[in-house]
Amino acid sequence: MATRSFGDSYTGEYLNQVAFPLGGFGTGMICMDGIGGFTHVSLRHTPAVEHAPRVFAGVHVRKAKDPSAQSVARVVEGRVPLRYGYANCRDTDLERLYGLPRFERSSFRQRFPFAEVALEDDAVPVSARIRAFNPFVPNDADASSLPVAGLEYSFKNTTTERLAVVVSFHAKNFLKQRDDGLRVEPIPGGVLLYQEPSAQAPWEEGGLCVLSPDPATTVDCQWFRGGWFDEGTVLWRRIAMGETRSTQPYADKHSVSPGGSLYVPFSLEPGQEHTVRVLLVWYVPRSTLREGQPRDEEPIPINERSAETHYVPWYAARFGNLRTIADYFLAHYDDLLEKSERFSRALFASTLAPEALEAVSSNLSILKSTTVMRQHDGRFWAWEGSADTFGSCHGTCQHVWNYAQAMAHLFSELERGIRETEHEVCMDQRGHQEFRTPLPIRPAQNRFHAAADGQLGGVIKVYREWRVSGSRAWLQRLWPNVRKSLDFMIETWDPHHSGALEEPHHNTYDIEFWGPNGMTSSFYASALEAAVRMGEALGDDVATYRKLRSLTVSHLEDELFNGDYFVQKVQVKGLKAQTPSQVETIHASYSPEALALLESEGPKYQYGNGCLSDGVLGFWIAQCAGLAEIADHDKIGSHLLAVYRYNFRADLTGHANPQRPRYALAPEGGLLLCSWPKQNAPTIPFPYSDEVWTGIEYQVACHLISYGHVSEGLEIVRAVRKRYDGRHRNPFDEVECGRWYARALASYGLLAALSGARYDAVERVLYLSPKVPGDFAAFLCTAGGYGTVGVRGGKPFLDVTEGEIKLDKIEYTPLARSA
């Protein structure tokens, strides 16, 4: 089979794993798969991977002039993909009615936030297209937090005769929780399917509206009630006969209808195309989600549960009921569609490397997934990722969301809210920040170690949010707590003020590093630099931070650089901390064997002389924040090239990974988290060291590109996207500790890395230092608006598509000078 090019449509075996999320911030999601069906339907605030209820569209076609002529009917989906192998289809797949006739050929294309499916069949006199979206409007979090999906089914007459067509849409009441309290009833232009709450389980409430604004729409509220395969059998018979039913709910007391249907009849002249819009609107106003409290917490009585005790989505506070949301979506559909289209056109107007644009746009789907939440008061909260049936690793985890660059630019107000939560809610009087925010958002217990990379990264990101927003008042508000946070970290991990983080410090690998190392030292130097810049702007005394920054950089360059890359100097003696076997950790208990290693090698889970892919991560985070180069350019560049040389494998055949291998398997390629090219690898290195994580691959690729090593960076990106090409993995679901993993949002940094574009709202300057030759265009989003930036006719340009970008000048450094 022909290989797929980056940015192209998915066809054939590349459709196997496609599942594109449709959902807003904190709404749950419905995924459209590669053939135009629905899967991963997760509306109850927890993931429900592979949940594929009976929700589908059908089409019936016949010659209009001859009612007796043979007709044809299809489910408006493509052929069933070989996702598991036909013999491995599960009982839950019965809901998808895979045995019904489908279109013979299909292709899938994403133009985020749109999923587009094209369907053809030589035996069907119409071709079909499906376009699906959930509103995504940069800088408008409310418009991007709606529990809705817009579906557009377009049919084109491919014959020379007039055709009579009936398009239908069918939805089972899959939000059903029990046999009582169910409703299936008509509403203007659609059907409402509902589960009423009970006094014992108010969180069971949930509803779905299926609407079509087409005036010819009729509504059927009487699905066949029976056993075995009765429901599906009768439903298909109605589709195959071209029925257009209009019924009220059953009047008897036996039971309600299992689901509801819409029917839209129309005719098509030769070559004519007609589009039927179907709007899905859902409403689950309560949940059982509560994260972050100690285990011995007293249970909260049902009648005392509220938005203060359990997660309530933003949309439930904004809209009082399902019908209100449905009315809103109907009234604003055209505007939301047009704004989403405008963003999509601007994003895909980028002329950068197709593998980079694919990585950026595909991973924006994370923001549409069950990984992301938005609580009743509008504040953002997130998991690290999504397991199959529960959120994976709670709390907008600082050291994971460090890598994510998309939201800081696309929804800067929400990102500033995260900084406020970190510095005003999750920080105690010492300056210790809980790196996992409770849900609902409330003060944390601050019982475990602070995360060095996460809390230091928070200081850098306060600087970033200030430069992105231009708000001095916001910076003034947070600055006292930023100082408290930084002072806590200095006294905790660098008590001698030597510029070396000597004391054990927790980090994103779920362990403690003992002794200074390139990774956290790069964060330390960058956080101190950010504090100096912020303090100077506010007229505060930052002399201590300035001195420490110099010491940190000197120690990093003189003590931690081995002439090739930055390393870790493992340290146990002379510390305030207890011995490693006595320090509280997550998994680092010491068996007799481990105690023997402690005596001979030092603590478990270090990297020592290894080449760590995250070895200068703090400097990349600083670069993304707009901080100038803090340490020696050549040494940072040397480390990045060493990471590429030693850790990148074009083919993992022969690589031994006793940890979690599913992220990359031979003969796939990928970037290892660490390697030991100089030998002396620890017997038990830090967990995950042999693994491949896409978020780290992207940050290394971005950093390499920004240093002019474009081919090396793009080779890493290509390796990632080849793994996620639809055959074995979902292209819109990059996995780490959970699906739709937040760290992969580092890919958004590829836009800035290749274009060299950064807007500073404080200075009102657009910096442009491209790493691509000649004329180009790239997407740029700021807190005030978005558009396209680049070089045209050898001169820099900025075309604003939406909003306002206040600009005093463009500071342009052509490639020849910046290389």
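Quick notes on the rules
- Residues numbered from 1 in each chain as written.
- Predicted model: local features only at pLDDT ≥ 70, side-chain atom pairs only at ≥ 80, totals over all residues.
- Heavy atoms only, no water.
- Pairing = 2+ DSSP bridges.
- Helix = DSSP H or I, 4+ residues; strand = E, 2+ residues; numbered from the N terminus.
- Axes fitted to C-alpha atoms, helices over the stretch in contact; angles between N-to-C directions.
- Left-handed = near helix turned anticlockwise from the far one by under 90°.
- Contact = heavy atoms within 4.5 Å.
- Nonpolar A, V, L, I, M, F, W, Y, C, P; charged D, E, K, R; others polar.
- Patch = residues over 30% accessible without salt bridge, like charges linked within 9 Å, V, L, I, M, F, W, Y side chains within 5 Å.
- Areas by Shrake-Rupley, 256 points an atom, 1.4 Å probe, with all protein chains shown as cover.
- Salt bridge = Lys/Arg side-chain N within 4 Å of Asp/Glu carboxyl O.
- Buried < 20%, exposed > 50% of the residue type's maximum accessible area, 1.4 Å probe, protein only.
- Phe/Tyr/Trp six-rings, centres within 6.5 Å; stacked < 30°, edge-to-face > 60°.
- Polar contact = N/O pair within 3.5 Å; in protein donor to acceptor, adjacent residues only side chain to side chain.

With that out of the way, let us pick up the sheet that holds strand β13 (residues 190–195). Within a sheet, adjacent strands bond to each other through the backbone by hydrogen bonds, running parallel or antiparallel. With respect to topology, nine strands assemble into an open sheet ordered β1-β7-β8-β9-β10-β17-β14-β13-β12, the strand pairing being antiparallel. At either margin of the open sheet sits one strand with a lone partner, and together these are β1 (10–11) and β12 (182–187). Note that strand β9 (residues 126–133) and strand β10 (residues 148–157) share eight bridges and pair antiparallel. Among the inter-strand pairings, Arg129 is bridged to a residue of β10, identified as Ser154.

All right, on to the packing of helix α8 (residues 452–469) against helix α10 (residues 518–537) then. Relative placement of two packed helices is described by the angle separating their axes and the distance separating the axes. It is the contact of α8 with α10, at a shortest axis distance of 9 Å, that shows an interaxial angle of 35°. Seen along the crossing, α8 lies across α10 with a hand that is left-handed. Taken together, the residues of α10 that come into contact with α8 (itself represented by Ala452, Asp453, Leu456, Gly457, Val459, Ile460, Val462, Tyr463 and Trp466) are Met519, Thr520, Phe523, Tyr524, Ser526, Ala527, Ala530, Arg533, Met534 and Ala537. Residue classes in the contact of α8 with α10 are distributed as 14 nonpolar, three polar and two charged.

By secondary structure assignment, the location of Ser106 is in strand β7 (residues 105–111). The contacts of Ser106, once residues within four sequence positions are left out, are Tyr10, Thr11, Leu15, Gly34, Ile35, Gly78, Ala118 and Leu119.

With antiparallel pairing, five strands are arranged side by side in an open sheet as β6-β5-β11-β16-β15. The open sheet is flanked by β6 (72–75) and β15 (218–220), the only strands paired with a single partner. Neighbour to neighbour, the strand axes of the sheet diverge by 20° on average, direction disregarded. Examined bridge by bridge, β15 and strand β16 (residues 259–268) share three bridges and lie antiparallel to one another. Pairing of Asp220 across the sheet is with Ser261, part of β16.

Moving on to a nonpolar patch on the surface. There is a patch of nonpolar side chains on the surface, built from Leu94, Trp228 and Phe229 and spanning about 470 Å² of accessible area. By the element assignment, Trp228 lies in the loop between β15 and α1 (230–240). On the basis of relative accessible area, Trp228 is assigned to the exposed category, the value being 84%.

Right, let's get into the packing of aromatic side chains. According to the stated counting rule, one finds 39 aromatic pairs in the structure shown. Aromatic pair Phe435 and Phe448: ring centres 6.5 Å apart, planes at 65°, arrangement edge-to-face. You can see Phe435 sitting in the loop between α7 (412–425) and α8 and its partner Phe448 sitting in the loop between α7 and α8, a full 13 residues away along the chain. Residue classification places Phe448 among the buried residues on the basis of a relative accessible area of 18%. Arranged with centres 6.5 Å apart and planes meeting at 90°, the rings of Phe513 and Phe686 form a pair that is edge-to-face.

To continue, consider the pattern of salt bridges. The final tally for this structure, using the stated rule, is 65 salt bridges. For the salt bridge of Arg645 with Asp564, the shortest nitrogen-to-oxygen distance reads 2.9 Å. Placement of Arg645 in helix α14 (residues 633–647) and of Asp564 in the loop between α11 (543–559) and α12 (592–600) is noted, with a sequence separation of 81 residues between them. A relative accessible area of 9% places Asp564 in the buried class. A single salt-bridge network, built from bridges that share partners, covers Arg131, Glu152, Arg277, Asp334 and Glu341.

Below, the discussion takes up unusual backbone geometry. Here Phe112 and Pro113 are connected by a cis peptide whose omega angle stands at 5°. Turning to its location among the elements, Pro113 is positioned in the loop between β7 and β8 (114–120). Cis geometry marks the peptide bond from Ala666 to Pro667; its omega dihedral reads 10°. Take Pro667: it is sitting in the loop between β25 (648–649) and β26 (670–671). Positive phi is not limited to glycine here, since Trp228 has a value of about 50°.

On to the pairing of strand β30 (residues 776–781), then. Taking burial as the measure, the six residues of β30 include six buried ones, the bulk of the element. Residues Phe776, Ala778 and Leu780 point to one face of β30 and Ala777, Phe779 and Cys781 to the other, with burial holding for every one of them. Of the pairings in the sheet, the one linking β30 to strand β31 (residues 785–792) comprises six bridges and is antiparallel in character. Opposite Phe779, over in β31, you have Thr788 as the bridge partner. Hairpin geometry of β30 and β31 is characterised by an intervening segment of three residues between the two adjacent antiparallel strands.

Pairing of β12 with β13 involves six bridges; the strand directions are antiparallel. Residue pairing in the sheet places Glu185 in a bridge with Leu192 of β13. Between β12 and β13, which follow one another and run antiparallel, lie two residues, and Gly189 among them has a positive phi close to 80°.

Moving on: the environment of Asp632. Its location among the elements puts Asp632 in the loop between α13 (617–625) and α14. Distance in space between the C-alpha atoms of Asp632 and Leu556 is 9.8 Å, their sequence separation being 76 residues. Within the local environment of Asp632, its side chain forms a polar contact with the backbone nitrogen of Lys635, the two atoms lying 2.8 Å apart.

Spatial relationships are all this shows, so hold off on functional conclusions.
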